[in-house]
Structure formats: C-alpha cells, structure tokens
There are 2 protein chains.
Amino acid sequence: MKESHCDVLIIGAGPAGVMCANALAREGINVRVVDKRPENIPAGQADGIQPRTIEVLQSYGLADKLLAEGAHLNMMAYYNPTADGKGIERTSRAPDVNAPTTRWRHQITLNQTAIEDLFLNSMRQHGLHVERPVMPTAMSISDDEAVLNDPNSYPVQITLHRLSSAETASMTAANAHTNVVDPTPQLAGSTEAEELVHAKYVLGADGAHSWVRNQLDIKLVGEHTKHVWAVVDCVPETNFPDIRNRTAIHSNNGSCMIIPREGDLVRLYIQLADADDLASGGRLDKSQVTPERIMNVAKKSMYPYQIDFPHKPIWWTVYIISHRVATQFSVKERVFIAGDACHTHSPKAGLGMNASMNDTHNLAWKLIHVLRGWASSNLLKTYELERKKFAQDLISFDRKLADMFSGKAATADNAGGVSHDEFQALLRTEGGFTAGTGIQYQPSVITKAAPTNPTSGILIVGQRVPPQIILRVADCRPYEIQDLLKSDGKWKLLFFVGDCKDEKQAALVNAIGEYLQLPSSFLQRYTPKSASGDAVFSILSIARTPKDVADYTDVHEGLRSHWSTVYTDDIAVDGKNGGDAYETYGIAFSGGVAAVRPDGYVGYIGSLKDMLDGYLDDYFSGFMLDSH
Amino acid sequence: MKESHCDVLIIGAGPAGVMCANALAREGINVRVVDKRPENIPAGQADGIQPRTIEVLQSYGLADKLLAEGAHLNMMAYYNPTADGKGIERTSRAPDVNAPTTRWRHQITLNQTAIEDLFLNSMRQHGLHVERPVMPTAMSISDDEAVLNDPNSYPVQITLHRLSSAETASMTAANAHTNVVDPTPQLAGSTEAEELVHAKYVLGADGAHSWVRNQLDIKLVGEHTKHVWAVVDCVPETNFPDIRNRTAIHSNNGSCMIIPREGDLVRLYIQLADADDLASGGRLDKSQVTPERIMNVAKKSMYPYQIDFPHKPIWWTVYIISHRVATQFSVKERVFIAGDACHTHSPKAGLGMNASMNDTHNLAWKLIHVLRGWASSNLLKTYELERKKFAQDLISFDRKLADMFSGKAATADNAGGVSHDEFQALLRTEGGFTAGTGIQYQPSVITKAAPTNPTSGILIVGQRVPPQIILRVADCRPYEIQDLLKSDGKWKLLFFVGDCKDEKQAALVNAIGEYLQLPSSFLQRYTPKSASGDAVFSILSIARTPKDVADYTDVHEGLRSHWSTVYTDDIAVDGKNGGDAYETYGIAFSGGVAAVRPDGYVGYIGSLKDMLDGYLDDYFSGFMLDSH
C-alpha cells in the first residue's frame, strides 16, 4: 500500500473542512483534504451566514463576493392569525439582527456550494485541491505517550480509499430519489486504491454521521423530537409583500418560515404538523412526503395571500428536528472533530454552517502555532473547551426556538400557545448569540485579563474585537479596525498609547517601546530569531491625539515598524466615520494594551503599567514556547 | 492597401482614449483603438483621480481596484516659512477635499499605467485590445452634406500605419534620455503596413501634441508661462511628518508640493525658480536639469526637516507651465478631440487625467445613442458645448492656482507675496470644481428643467446625481443611489412617488403608471419595439413610506418591472445610513421625476403633474428619434 506523511489531514470538504483547509494552506501548512463525494454538492443544504461569520470571512479576504452574490436579510416580518383565525396578517416588522455592534447588521443567504467555492478558490491559489472521491476506511492513534508528546511525530495512521467509478455510482444510485446529506458507497474491497497516511493531526469534518466520530467512539448526547419539517428552495409567484424578508408565519394551518435567497430564489421551511406520526426514534418515513404536499401546506398557511410554484423546486427535503452534542471534540489533541460531527440541531436560526466554520476558525490558528513550534500542545486543549461550551449553548437556544416554532400560535381558543411577543422577545434577548457577535469564550490559559483590566466598554476579554473606525495618522485614512486584524496566524497587539503630545504620557509610551526591545520581553522571546520582527506579533498603536496635530513620529519607534502602523481615535475628514474608540471600547485615556488572538478574539487586556510589571509576559508564557 | 470599416476609431490609448473605448465596447459598439507606442507607458505621467472620477469609475464597475491599490489623499498640510525665514513649519492641516456631497471625500493617486489597466482589463473582457504600435498618417472628412447627414455613412477616411520594429526603435532612441510624453517615430515610408479605415466617427485622444487636432487645423489658444517645475516619483527617507499627506510647501528656498502615492512612493513637484531663464516661448532646455539638481532643491525647501533619496527616482521630468484650450472640440460632429488634445495646464490640481476621462465619459453615451439610431446627431453637438466650457473654467482656475504656487510666499520682507490664507481660500471656494462634483453643464437640448421644477436641494439639472442612501422596499437593503445609475448607456428615470399608502398620492402615481403605458408616451415611442421594456429607460421608484410598513406592491405596476426597482426614503436598520433623501435632494413630498442621463448627470426635473402635462415627452422629443 502507498504510504505518505502529512501534517494535517482533513476528512470532509464541507464548510468546517474547507474553512480549516484554507486557513492552513494560506499559512503554508502541509495539509490535505479529502471528500467521498465525487463533486461538490450541486444545491441545497445550509445557506445562512450570520453577521459574525461575515466578519470572519472578511478577515480571510473572502467576504466581498459573498456580499455581492448573496441576499441580505435586513428585516424580519412576523405574521400571525387574523382575528377570525382563517388567514394571516402582518403583526410587525423588526430588524432581523438584534446586535448593535455587528459590522454588517444583516445575515446573508447564499447556496452552500457558492459559499464553499469562496474557500475552494482561495485554497487553489495556495496550491491546495480537495481530493475526491476519497474516503477513510481505517484509523488508529498511537497510545505511546512519548510519541504523543513529540511535536514532530506522526501518531495517527489513517487508510484512505480512492473510490472507483463503480463505487461512486453505488453511492449515487442508493440515494438518487432522496436528498440525503450523507451518502454511503458500497466498497468493492480492492486495496489497490488505498493509501496509508501518517498524520500529525486529523480533523473529522465529515458531517452529522461522522465516520471519524464513530471511529473515536464519541457519542452524541441529546434527543430527537417528533416535529417533522420540510424545506424547499424555489422561485414562487406570489403577491405576498414580505417574500423578500425573513418572515415567520404562525398560522392555524401550520407554521412556515420564509428565507429569501440569491436572485429571486426563496427557501421555505414548512412544518408538516400532520406528519409528526411519520417520525419515530429519529427516523422518518420520507416516502410519504412529496414536494407537492409540502407546497400545498405552504399555500394554506399563507392564505389569504396567494403563492404559486410555476417551476420545479431547485431542492427539497424533509427532516426531524433533533438536538445533540458530542461528548468530546478531540482525542489526545491529535484527532479533532468539528461542525455537524459535533452538533446537530434545527436549521431555523440559520446557525449550523456558522457554528461549523467557526469551530475550525477557532482550531486552525492553534494548529498553526503548535506545528510551527511557537506554542505548546496545551494550546490545543482550548479548542474543545471553547467550542463545546458554545455548542451546548447553541443546542439549548435552538431547543427553545424550535419549540416555539413548532408550537401552535396563541389565539383566543388557544391561550397557552406561542405568543408573538414571546417569540420576538426570544430573538431579541438572544440577538448577540444568533448574530454570533455575542460569543464569549470562558477564562483559560489564552483568555485572561490582567489585574488592572482598564476596559469598561465593549472590548472584552474572550469576545471578538468589535468594529470601530480609527484613522491612520500619517495620511488620515479611516480604517475599520477589524480590517487590521486579518486571519493571518499572527497575534495583533493593540497599544492604546493615549496622547503622546503629552510629555508624561510620552514618557510612559517610550518606556513601553524600550521594554519591547529587551531580550526578556515576550516579543523577543517568542519571535524566532530567524524570522522578521513581526512574524508572530503585529503591533498597532492607537493614539488619541486629534488628527489635525497628530504625527506618526510621536510614537516611539519600538511601537511602530512603519508609518502605516500608527492610528488615532478621531472622526474622519468626512465628519461622519470614526471617533470615540476609547470611550466605546472602554479604554482609559492613560492607555492600555489588548492582545488579540489570531482568530480576532481578545485574549488579554491590561493597563500599560501592567505590561511593564510583566503581566503580558506572564500571559504568553502560559502557552508560547521560548524560541531562543 | 487593405481597407476596412468601423463605427468608431479611437486614436490614442491614454486615459481619454481607453475611457471611451471601454464605454463603447461594453455596449457592443464596433470600435477600434490604436496607439503608436509599442507598449503602455511604464511609469510617470498623471496620477491623480478626483472624487467625481472615482464615482464615474464606480459607475463602470472599475473603482474597487483603484480604491484598493491607490493612495487616499484625505488631508492637506500647509507649510510656510518660519518667523526667521530660514526653514518651514506647519501652518495648518485641512481636509484635502472641500466638497461635502462627494461620495468619497478624498482623491486617489496611482500610477497612470495601473489606472489605464483598469480599462484595458475591462475592454479585454469585451474582446477589445489596443492595436499597437499603430499611428495614423492621413485623414479626410467628406464634405458632402448628404453623406454627413446619413447616420449610416462612413464619412471619415483615415490611413493607419503599423510601425515596424525599426520605426519603433527610432521613436525610442530619439527620446531615450528624456521623459517625453509624445515620442515621434521616423517612418520608413513603406505602404505595406498601411490600412485605409472608413469610419463613422473618429476620436483624437492623442495627447497634447495631437496629430488629429493638427490635421483638423484646430488651434490651441492661451499662453506659456516662464515658470519651470520639476516632478519626481521617488521613495524618500525622511523625518517629515506629512510625507503621506498632500502638502503644499511655500519656503524662501522654493515651493514644493508633496503627493503621496501607492505604497511608500511619493511624487514631489518642485519649482526650479533659478531655472526660469531656461524657458522661452514654451520651449525648455532640459539638458541642464538633472534629478540630483531637483532633489537638492527639495532638500533645501524642506529644511529643517531632512529628506534623503537612497534610491534612484522611478521617473522624473521638467516642464513649463502653459494654459491653453482648443478652439473647437469637433469637426462636423464626425471627428472629435478629447483630453490633452483639447486642454493643457499645470498638473498641480491633479485635474488633467480627470478632465480627459470625463471628456470621453461625456461623449461615449452620445455616440452610442446616435449609432443605435436612438437619437439624432444634434445630440453630438452637446459634447463641445459642455466640455469646452468646462475646459475654459479649468484653465482659468489653474492659472490662479499656478500663479499662487509659483509666487513667493508672503513674509515680513515680502508683504505682497502669496499668503497662506489666500491660497487656502482659493482651494476652499473651488472645492466643488477641484473635486469634480461641482461641474454644472449649461442649459441645452439635453439639460432642461420643467416649468415646475420641484427641487430646492442638491439634485440640480446639469449636475451629477449626488450620493444618497435609499432602501429597497422589498428587502430593506440600503443602496447608494449612484450604484443604481450605472454607466450602461441607458436613461434612468427616478420617480419620486411620495407615500403611496396615501390614497390621493396613490391615485396620482397610478395615473403616471397608466400614462407610461400609452403608445404616445416617450417610454413607448423611444423604446424600440423589438427591445426589452427597459432597453433605453430604466425606471426606479423612490417612495417616502416608512420601511416598517412600506410594501413594494404599493407602487403601480407601470412603475415597477420587478420587486427590486422600488425604493423608499428611510433610515436603514443599522440606524445610521440613509434617510432625508427628499429633503436633501429638495423634492416635494408630492413627488417629482428626474431624468438622469446615461453619464449620471440630471437632464430634466419636473413635478409628476408636469409629466402628465407632457413636459417629459417634450424633453425627449428634442433629441430622441421615434422608433416606430
């Protein structure tokens, strides 16, 4: 059998897989990604990108096309039964996103294929292609502690099988008349097409029925419901005025959610209330459901508005809602699972693909750090710590949302039903969560405030850096701070230097500049000698000197490697953008320093004095490795 | 000799030429463009893009790359002699652009090659390449009125000569040691490489020494000055804090202007005051000027700041300032000249390339209309009318600016010199002009208000449509109105329909919708029967119904071809963008209609009632041709 070595092997080229593959390929990591499907999915599946995920894609330079091609969901409309109970009427409209600090105050919907293509195109530029149709058939992990503790070892053995055309055909044929997410091929048993890969790390991003998870004997815990829902992607003809808004319809003839999509396409989620008896123990008898049946339910629930379906649906499926989370997200910090392999839930909040991509966005920089020898492998433990907690929160939110959605609407006859106010209140209080911008990672070795946490605003340890316009001092050009925090595998050190035209403040900042040049400082200790000065840490200074008098030369050279790294907190020349960064973030005018993780989350905040007292050194010493 | 026919032949692939070529190629016009240079210029020449030109490029879908690659000039700094007169100090900073309605409140600088590449890349996508090295050698225009009046005739005969490598070499060799803008080859006299082109229209975009202009015997009127200036593109090493701002330095050791450029590049304009005697009658003895001499003047004028030039300059030249405008911009509306062929002036205000590109932006849609048989050839007369007036205004502004720049700074010893306040005041009052957004085309057949001009704000007949965010009703998505006014050769009809939830207003708007469907309406008369309904006129409705209750179905079907064409004037869900469109534009709440020319300038504004009274029909009948 052919044998090979690779640093990271990714199983599955869905959203979680390609997010990780792209992040690693950009940084020159030796990575491979395999998928058992002969081609990318042609239609269907996930379609919702939440505001935080747009920010993340932007940090990889991938948001432009998404924003240009996708539908933007700005407004949500709510319809409820009319007084006579026969039809529906609009109760209200409200902004779809209830999270004021988002950079984009809307979701985006676009077919999953186009979203995956963003990553595939980027990967291609870095020489990485998905190998298909290829599936794993065996996996083992060394249990030798010495091997596991050696950062240069390849403790995972995995057998890959390249599917023959007959094997691929078996997979297609078995699933021809349904829209199964996870087809299984009949293997012919030949070993000619097999390859034994020795990997440092393996990522199972292989979906709800994850082969990797099963190999690792990791369980999913949670429950199935008996609610049966259908989903259909179509181009309807209708006089319904909110057909281009996300719309929740509670009618006495069933619930329905409208998700506008790219072009004139619309996704409809439709509750098949009369089909609940088709579901038992997580299994659904799909043979009794047809697109016609689904569309008939939609027509009834939207009465008195007319909706017709002159074209065949682009894609459709039916499913039972279940809420489950994996008990572990990694084994020995050598094999990881991510995405649907870790969590399954209802698609109503449009969070599935987002959770998946953000799982591996969280994992990728940690793998890069360990593979480069910058950090110890304890860094990898924070993946499960951070993402499992998130998944549990997600499931618990989704349970509430799905129950409300599948429940009957409150009416005169059914006072105990779901009221419009209740439903809207849930979406409002969970606004930061559903937008993804409210995610708070818990304290850990990488998420830690200094004793004198100088922030009292929205820059918070464990949260992503909120958007804020600052001005580049040398040319007064406004920059969104998030655009200075690219997902390039580096730490960003934000030095809030205050007003260096003030002599006392300048003295403090000069001391910081000098400190950073000491061989004992984290900057020198954790930057490899052979690398450029900003290989691991990028330093940005953010002053609060007014733009009319600020000079980039005000800031000590230890805090500026180039004129372009000095910013100030003021309003741009257009009189509109920027200003109040210190106030909004809650930074004292005496300054402070925030260490931003390569994934855009704040790892540390402290005062400038804390830094001189060594707290930032302490922070990095918790997981970084001395390079000298 | 080979013979051929073409609709539009463009001589010269500089900014004016490629703007026109791209605009025509996008619309499928039969166009050719030739240039005598074997390759695009490698460096130097123009580099400034004013705010209005960014808007124009955006309307062609070309602004993204420009914005990403170029330097953004947000701030202007002013330096004047210190009290002791020995050095300079900063007097003030101020926004570089003094025009509040610009969409981008800054200029962009980028090398001319990269700017031309924006167009060349776009042309390539439409199958058009510049033919090089090719130059015209003879031209004649028919004087037969019948031929000239026939829209399908080819009244211009022009001989093109493809340069041999020897001829190309002669051009290069003759100009090897200078940076001449307009090299002239020695022709070997062979006719093998010649082609006789029969053209409907010819555009001479062939620079300051225009061969086409000379053939037409069109004179430049104006004067040469004796001021000698040098320009150098370089990457300096300096402690000057405003090296990344546009900076005007008046020192007792000479004047200097700093123009930051892409990357770390800087352009310096330097007055060679002691070299004025090198210039006489518009001719300059360049042999006595070297880059070292220029840089030494820069060093002196920037004292006490240090500036060093560790690298060879990328490009440099010296020039005498002259201010001249062509007496005619066209002959018989069959041959046109544009760009530097029409106007020469100092480069200080950074307007040259902008004037050139906007010349042909103005011309292109008129050629398209006449070539398609949509409009009569009288439309073409408005090119000279509009652009010659602009060129004269440009020269007169430039004369003032150049005099102030070349004049000595006002000091205790020289009270009559140019004061800082005077200089800043000129830039402030001419802010709209230098930004390009203040351009006002005079009344003409295409620029005409209805009797009841309902606007009292910044939407003005003869000016470009100012930026404004409006919301798409169906999905509440904010749109910059300029992005709905693409340079696609079509008219945009902005129907300000007021609040159609109001019954009386709805009745008026319904009447408009019905009117547009009448065979006698301009919409039906000037849209070819075989073409789609929006082939010539795109209709946008702009309501003022609040977003929470507005429905796109409120607007009569005659005013909406699709859900995406109905907008409203409200603030977006982010609480920041949009709103007050009616107030800002000065549109009465009872509504109105603006006809926006394909180049983005307002051609007509009237009330809705005016339209029912036939004034919009009258407007279009002045130059459009009945297609039935």
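Residues numbered from 1 in each chain as written. Chains lettered and ligands numbered in written order. Predicted model: local features only at pLDDT ≥ 70, side-chain atom pairs only at ≥ 80, totals over all residues. Heavy atoms only, no water.

With an unreviewed UniProt entry as reference, chain A is termed FAD binding domain-containing protein, source organism Calocera viscosa. We quote the UniProt Sequence similarities (unreviewed entry) comment for chain A here in full: "Belongs to the PheA/TfdB FAD monooxygenase family." (UniProt positions renumbered as here; feature names shortened; annotations may be inferred.)

Regarding the pairing of strand β5 (residues 75–81) of chain A
All names here are of chain A. For β5, a buried count of 7 out of 7 residues is recorded, marking the element as mostly surrounded by other parts of the structure. Sheet topology places β5 next to strand β6 (residues 88–95); 7 bridges connect them, and they run antiparallel. Note on β6: the bridge partner recorded for N80 is E89. Here β5 folds back onto β6, and the loop between the two strands holds 6 residues, one of which, G85, carries a positive phi near 75°. Strand direction decides the pairing type here: β5 and strand β13 (residues 246–251), joined by 4 bridges, are parallel. Paired with Y79 across the strands is I249, a residue of β13. (Buried < 20%, exposed > 50% of the residue type's maximum accessible area, 1.4 Å probe, protein only. Helix = DSSP H or I, 4+ residues; strand = E, 2+ residues; numbered from the N terminus. Pairing = 2+ DSSP bridges.)

Quick notes on the domain arrangement of chain A
All names here are of chain A. Its domain assignment divides chain A into domain 1 (2–71 + 109–221 + 323–402) and domain 2 (469–621). Contact with domain 1, which involves 14 residues of that partner, is made by 15 residues of domain 2. Interface area for domain 1 against domain 2, summed over the two sides, is near 1,300 Å², with a carbon-plus-sulfur share of 47%. When the buried area of domain 1 at its contact with domain 2 is split by residue, S59, W365 and W374 rank highest and sum to 42% of it. At the junction of domain 1 and domain 2, the tally comes to 1 salt bridge. A salt bridge links R597 to E386, with the nearest nitrogen and oxygen atoms 2.8 Å apart. In this structure, the connection of domain 1 to domain 2 is made through 10 residue pairs in polar contact (both at pLDDT 80 or more). At 5 residues, the largest contribution of residues to the side of domain 1 that touches domain 2 is made by helix α9 (residues 352–371). (Domains from an automatic or database assignment. Contact = heavy atoms within 4.5 Å. Buried area = accessible area lost by both parts, 1.4 Å probe. Salt bridge = Lys/Arg side-chain N within 4 Å of Asp/Glu carboxyl O. Polar contact = N/O pair within 3.5 Å; in protein donor to acceptor, adjacent residues only side chain to side chain.)

A word on the interface of chain B and chain A
With 33 residues of chain B in contact, the opposing surface of chain A contributes 33 residues. Carbon and sulfur atoms supply 46% of the area that chain B and chain A bury against each other, a total of about 2,900 Å² over both sides. It is R93(B), R477(B) and V573(B) that lose the most area in chain B upon contact with chain A, and together they represent 19% of the buried surface on that side. For the interface between chain B and chain A, the tally reads 4 salt bridges. A salt bridge links D551(B) to R93(A); its shortest N-O distance comes to 2.8 Å. Here chain B is connected to chain A by 22 residue pairs in polar contact (both at pLDDT 80 or more). Of all the secondary-structure elements, those providing two or more residues to the side of chain B that touches chain A are β6 (88–95) and β24 (477–480) of chain B. Here the element with the most residues in the side of chain B that touches chain A is β6(B); it accounts for 3 residues. Partitioning the side of chain B that touches chain A into residue classes produces 14 nonpolar, 8 polar and 11 charged. (Nonpolar A, V, L, I, M, F, W, Y, C, P; charged D, E, K, R; others polar.)

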